[in-house]
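Okay, here's what each chain looks like letter by letter:
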Amino acid sequence: MDAIRNRLRDLPFFSELEATTLAAIASVSRWQSLPGGWELFAQDTKSDALHINISGRLIVVRTNQDGDDDVVGYVRAGEPVGEMSALSDEPHSASVYALRDTELLSIKLEDVDQLIRSHGDFAAALARIVLDRARHPKASFQQSAPRIFAFIASSPSIDVNAHVNELVKRIAKYHVNVTSFSTAEEAPDSRAFDLVENAHDVVLLAAKVDHSPWYRFVLRHADRFMVLARRDGRPSKPFPLTADDGARARKFRLVDLVMLAEGAKTTSAAQWMEAIDASRIINLRNDFCIDRLARIIAGKSIGVVLSGGGARAYAHIGAIRAMREAGVPIDFICGASMGAVVAASISMDWSQEDMERRIIEAFVDSNPLGDHVLPVVALTRGGRVETRLVQHFGEAQIEELTTPFFCVSSNIVNGTARIHTRGSLRHALRASIALPGILPPVIEGDALLVDGAVVNNFPTDIMTATHRGITIGVDVAREGVIDIEAFRDPPGFFSWVMQHGFSAAPPIVSLLMRTATARREDLSTERPADIMIAPDVSGVDLREWKKFDLAVAEGYKSAMAAIEENWTTLAPIIKGANNKSL
């Protein structure tokens, strides 16, 4: 009982409880271990105990009406779980699993009632937890940063210890308390390992795929897995990333693919991603990519979100120029509509000069929406856009890009956003820029995809769920983007053609483009950008493709001002990214 009391004193939930209360808890509680992947309790079952996480990590999952599992939150060490069911005497509203080996203290319901009646400090602590979770239901996502990262060498030829040692040095540049464990045969004592974890912000575990006690220990204790793969290697199926094959919680384990630029390419990144069910891919092609991985692990990565906005998206180019000049690293990038095209240019690793030259060639020198037709499904054939995408992005695959990238389109069959993280880059871009009524939609299976701006023109919520660092958003599609006078007493079709010719876009194009990008600016975003950049591009209409220089200049000016305003936040990351001396 003394051991239990001593352990409880180190946990936040018990830190302010009186000695007599701790003794009472220790006398009625039961200590148990829950292996990674195992279920603690199931949704809709009757509660029989209150559980307190002593070490490890739990995940809370709720099955929705469609039968899909939604992650509700996480339970860290020192936090109770099942308290609502215990207090209300109602069935559990969600299922709870151990993401990794977890130690729990379980207290039967009748003993919980007795503790509440006899010890007011216990009742108050429990009440604070209930109120805090009710007021901040998303807090567990923000506080559940992975701390233990397992680096798994998929091939004996990969020196996983060397990779981990290099990352430890680079992570330390960002003032993160980090340590590591090299590959071994025997597993360490769990209590000693817990002490190491509690003393550090991040712990890296190096391992190779085998049947050793160490590898089984790594599988049970990691929060996130980083699988190191060579371009000339082939993944085994199924890839052994869990000690409990078939466990329902397996699909909630976070896995990243780290693709090494080693060997002649014989296997695609897509094959590896499918084999390990990776949620992200980080291609290690140069020194900057290694720094990027260090920032991702340290929680210091920078993700950039570029909104749609027709010709106004040129402002993104100026904003990117400002970030590059200031030394702001771009670790993840995404966009919608024309913002996706600019974001893809960054992911292709084009220089600033090359990106500007290609955008001018593709969109400024001639109107990309100039192949008008009598409308059946759209005002244009889309042939010019298709040609430009093939010319500049070719057969590039999203998972092969240097900078992690995604873009969004809108599935108008069910009104949901489609997030493009794999496959043909130009196909994803074609869907993301398919403005309804202007460009023909893209058919993908049972989905009919149109411009990403229709459902999510500024996907900061998706980006903040992708990484744990700073999200920078550049929004060019705010109010004042359409000329009202163009719709007052408009001329007929033939009168318009007589005045402007067939190559000029009629006002209906602006109307359709603004309809696609319009949204309520007063609605709060669930996960907004940490740094907002909103260039004043009121002098650029959505379809004025010739106003490249004006939009770029405004984007540059706004971004430089935002960087200066947020310099205190950005400076440590910029310094860590540029300072190679340790």
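Conventions used here
Residues numbered from 1 in each chain as written. Predicted model: local features only at pLDDT ≥ 70, side-chain atom pairs only at ≥ 80, totals over all residues. Heavy atoms only, no water. Phe/Tyr/Trp six-rings, centres within 6.5 Å; stacked < 30°, edge-to-face > 60°. Helix = DSSP H or I, 4+ residues; strand = E, 2+ residues; numbered from the N terminus. Buried < 20%, exposed > 50% of the residue type's maximum accessible area, 1.4 Å probe, protein only. Lys NZ or Arg CZ within 6 Å of the ring centre and 35° of its normal. Pairing = 2+ DSSP bridges. Contact = heavy atoms within 4.5 Å. Axes fitted to C-alpha atoms, helices over the stretch in contact; angles between N-to-C directions.

Colleague: In this structure, what is going on with the packing of aromatic side chains? I would like to understand it.
Modeller: Each aromatic ring pair is described using two quantities: the centre-to-centre distance and the angle formed by the ring planes. Under the defined criterion, the tally for this structure stands at nine aromatic pairs. Between F181 and F193 the ring centres are 5.4 Å apart and the planes differ by 50°, which places this aromatic pair in the tilted class. Taken together, the positions of F181 in strand β10 (residues 178–181) and F193 in helix α8 (residues 190–198) put the pair 12 residues apart, joining distant regions of the chain. With a relative accessible area of 1%, F193 lands in the buried category. Centroid distance F239 to W272: 6.4 Å. Interplanar angle 65°. Geometry classified as edge-to-face. On the criterion of sequence distance, the pair formed by F239 in the loop between β12 (224–230) and β13 (254–260) and W272 in helix α10 (residues 269–276) is long-range, its members being 33 residues apart. According to the relative accessible area criterion, W272 is buried, its value standing at 2%. Clustering of aromatic rings is evident, with ring pairs tying together F181, F193, W214 and F217. A cation sits over an aromatic face here: R358 above W350, 4.3 Å from the ring centre.

Colleague: In this structure, what is going on with the sheet that holds strand β3 (residues 49–55)? I would like to understand it.
Modeller: Hydrogen bonding along the main chain pairs the strands of a sheet, whether they run parallel or antiparallel. The four strands are arranged β1-β8-β3-β6 in an open sheet whose pairing can be described as antiparallel. Either end of the sheet is taken by a strand with one partner, and the two such strands are β1 (29–34) and β6 (80–81). Direction of pairing for β3 relative to β6: antiparallel, over a ladder of two bridges. Across the sheet, H51 pairs through a bridge with V81, a residue of β6. Sheet strands in contact with helix α4 (residues 109–118) are β3 and β8 (102–108), and its direction is about 75° off that of β8.

Colleague: Even after reading the chapter, I still don't get the sheet that holds strand β11 (residues 202–208), so can you show me in this structure?
Modeller: An order of β10-β11-β9-β12-β13-β14 is seen for the six strands of this open sheet, with the pairing classed as parallel. Strands with a single pairing partner mark the edges of an open sheet, and in this sheet they are β10 and β14 (280–284). Shown here is a sheet whose adjacent strand axes are inclined to one another by a mean of 20°, direction ignored. Alignment of β12 against β13, held across seven bridges, turns out to be parallel. Its bridge partner lying in β13, R230 is registered against L260. Packing against the sheet, helix α11 (residues 287–298) makes contact with β9 (148–153), β11, β12, β13 and β14, and its axis sits at approximately 145° to β14.

All quantities given are derived from atomic positions and should not be read as evidence of function.
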